[in-house]
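Given next are the chains, with one letter for each unit.
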Amino acid sequence: MTARFPAQPELAGHPYFQFRNNVLYAEDVPLDHLAERLGTPLYVYSRAALKAAWQAYHSAVGQRPVLVCYGMKANSNLAVLKEFARLGAGFDIVSGGELKRALAVGADPARIVFSGVGKQAWEMRDALAAGVKCFNVESEAELRLLSQVAQDMGARAPVSLRVNPDVDAQTHPYISTGLKENKFGIAIESALAVYRSAQALPALEIVGVDCHIGSQLTEIGPYLDALDKLLDLIDRLAQAGIAIRHLDLGGGLGIRYADETPPSPRALLDPVFERLQARGLGHLHLVLEPGRSLVGNAGVLLTTVQYLKHAEARNFAIVDAAMNDLLRPALYDAFHGVRPVHPRAGEATLYDIVGPVCESADWLARQRKLAIEAGDLLAVESAGAYSMAMASNYNTRPRAAEVMVDGDQYYVVRRRETLDDLLRGESTL
Ligand SMILES: *Cc1c(COP(=O)(O)O)cnc(C)c1O
């Protein structure tokens, strides 16, 4: 699949990550300096990049009634969440654990929406007690449980139904969610009937319509197709006497990993606002749930080359980061740019960049032309989203540290796990 990406493209996190005097920097901090002090593998985030990504949404929204809820499963480090909370973001959560994180950074519960296909009663209780803005409900069974839980608490639960508009997001099948065969959402043909059931339940208050059609979308067509279908539904709901206050268009805007040219938030939102106006729905409040596009290119993963291994069919650079640190290549066949932090002169060789984990799927990049030697430091680009958030302890490997750079300062925002951390909580018979 790597053939799709003919040449190493320009740095994905530019200008927050860029070369100065042949050394790669995060803002004003040289990355080799961080690796020396903190070790590798190491996740490095740029605060300025987070702010700029937020600003792109903020300025596209302008004065319109839009709540941007950061889809925090992309990167739920508390320092990242705190930054977005400070900037005025809401949060899209998918678990009771994420609710705890959002509340821990002082997020306003009235700006939290609760998504996810399998919410448990305790998670509903916690979210109701906190006073979240909305539950994005994905099935009739979930509606009944939510009504029961709310009734037992003497509360009313605000709900949207997550509708599956059956549009092809033209992205990787594992991150496409808006097709009929996906587990997500309620088929659009059944939506009116399910809204009627929701209306009949005692402790629910219908407030919105929700969708999320997929991730890493690089075209606006699928969004607009979904929008048209949802606006038709909102018309039908109005005729049935069910008033909708907000429309949640989900997340999914893509980023540039290689040579993609994803639309900006403005390029997405301008036509959305146009259609709302054209259909006389300019008053409708919007909710957006961007994850990847707020954080993806605000981070890199630093890793050190341990060994070069020249096998018969391939050359391998065996590095100290692995699929447990960065799962996306193994899971999605995903492309991440890889750069030496100190590029060397000399002949480049084609390498597969692989980790030490005992799986053939343990690769980070394939067939990259690099001039490297053992001991060299590499930066894996676009590692701000779905990277540390998916890390595991497979092979009893401690999870990496995370550091946030701010100008010429840096802050360790998650210390490296120790081996003792990994054994804690286990016992023998
Ligand atoms: C994952 C997810 C998001 C964020 O998606 P991105 O592609 O990272 O923008 C938003 N909403 C829901 C319901 C999700 O599951």
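Everything numeric in this text was worked out from a predicted model, so none of it was measured. (Residues numbered from 1 in each chain as written. Predicted model: local features only at pLDDT ≥ 70, side-chain atom pairs only at ≥ 80, totals over all residues. Heavy atoms only, no water.)

Caption draft 1: View of helix H6 (residues 140–152). The terminal C-alpha atoms of H6, which comprises 13 residues, lie 19 Å apart, in line with the 18 Å expected from a rise of 1.5 Å per residue. Within the span of H6, buried status applies to Glu142, Leu143, Leu146, Ser147, Val149 and Ala150. Looking straight down H6, one finds its buried side chains confined to an arc of 165°; they lie on one side. Taken together, the buried residues of H6 touch helix H5 (121–130), strand S8 (134–137), strand S9 (157–164), helix H7 (191–200) and strand S11 (204–210). (Helix = DSSP H or I, 4+ residues; strand = E, 2+ residues; numbered from the N terminus. Expected span 1.5 Å × (residues − 1). Buried < 20%, exposed > 50% of the residue type's maximum accessible area, 1.4 Å probe, protein only. Arc of directions from axis to C-beta. Contact = heavy atoms within 4.5 Å.)

Caption draft 2: Quick peek at the sheet that holds strand S3 (residues 29–30). Read across the sheet, three strands follow the order S1-S2-S3 without closing on themselves; strand pairing throughout is antiparallel. Whereas interior strands pair on both sides, the edge strands pair on one side only; in this sheet they are strand S1 (17–20) and S3. Sheet topology places strand S2 (residues 23–26) next to S3; two bridges connect them, and they run antiparallel. Paired with tyrosine 25 across the two strands is proline 30, which belongs to S3. (Pairing = 2+ DSSP bridges.)

Caption draft 3: Representation of the site of the ligand in the model. The immediate surroundings of the ligand are formed by 13 residues, with Lys73, Ser215, Glu289, Arg292 and Tyr386 found nearest. Interatomic distance of 2.7 Å between a side-chain N/O atom of lysine 73 and an oxygen atom of the ligand. Here an oxygen atom of the ligand and a side-chain polar atom of serine 215 are 2.3 Å apart. Here the ligand loses 93% of its free accessible area of 380 Å² to cover by the protein chains. Across the shell around the ligand, the residue classes break down as two nonpolar, six polar and five charged. (Near = heavy atom within 4 Å. Polar contact = N/O pair within 3.5 Å; in protein donor to acceptor, adjacent residues only side chain to side chain. Areas by Shrake-Rupley, 256 points an atom, 1.4 Å probe, with all protein chains shown as cover. Nonpolar A, V, L, I, M, F, W, Y, C, P; charged D, E, K, R; others polar.)

Caption draft 4: Seen up close, the nonpolar core. The biggest cluster of nonpolar side chains holds 104 residues, and the ones touching the most others in it are Tyr70, Phe84, Phe91, Phe135, Val209 and Leu247. Ranked by residue count, the leading element in this core is helix H8 (residues 221–239), at nine residues. Domain assignment of the residues forming this core places at least three in each of domain 1 (17–39 + 298–423) and domain 2 (48–291). Discounting residues that sit within four places of it in the chain, phenylalanine 91 has contacts with Cys69, Tyr70, Met72, Leu81, Phe84, Ala85, Ala102, Ala107, Arg111, Ile112 and Val113. In terms of nonpolar packing, the next biggest core, distinct from the first, is built from 20 residues, Tyr25, Ala35, Val44 and Leu302 among them. (Core = buried A, V, L, I, M, F, W, Y, C linked by side-chain atoms within 4.5 Å. Domains from an automatic or database assignment.)

Caption draft 5: Broad picture of the UniProt feature "active site" (unreviewed entry) in the chain. In the numbering used here, UniProt assigns the feature "active site" (unreviewed entry) to Cys358. Here cysteine 358 shows up in the loop between strand S17 (349–354) and strand S18 (363–370). In this structure cysteine 358 comes out as exposed when scored by relative accessible area, which is 63%. Setting aside its immediate chain neighbours within four residues, cysteine 358 contacts Tyr394 and Asn395. (UniProt positions renumbered as here; feature names shortened; annotations may be inferred.)

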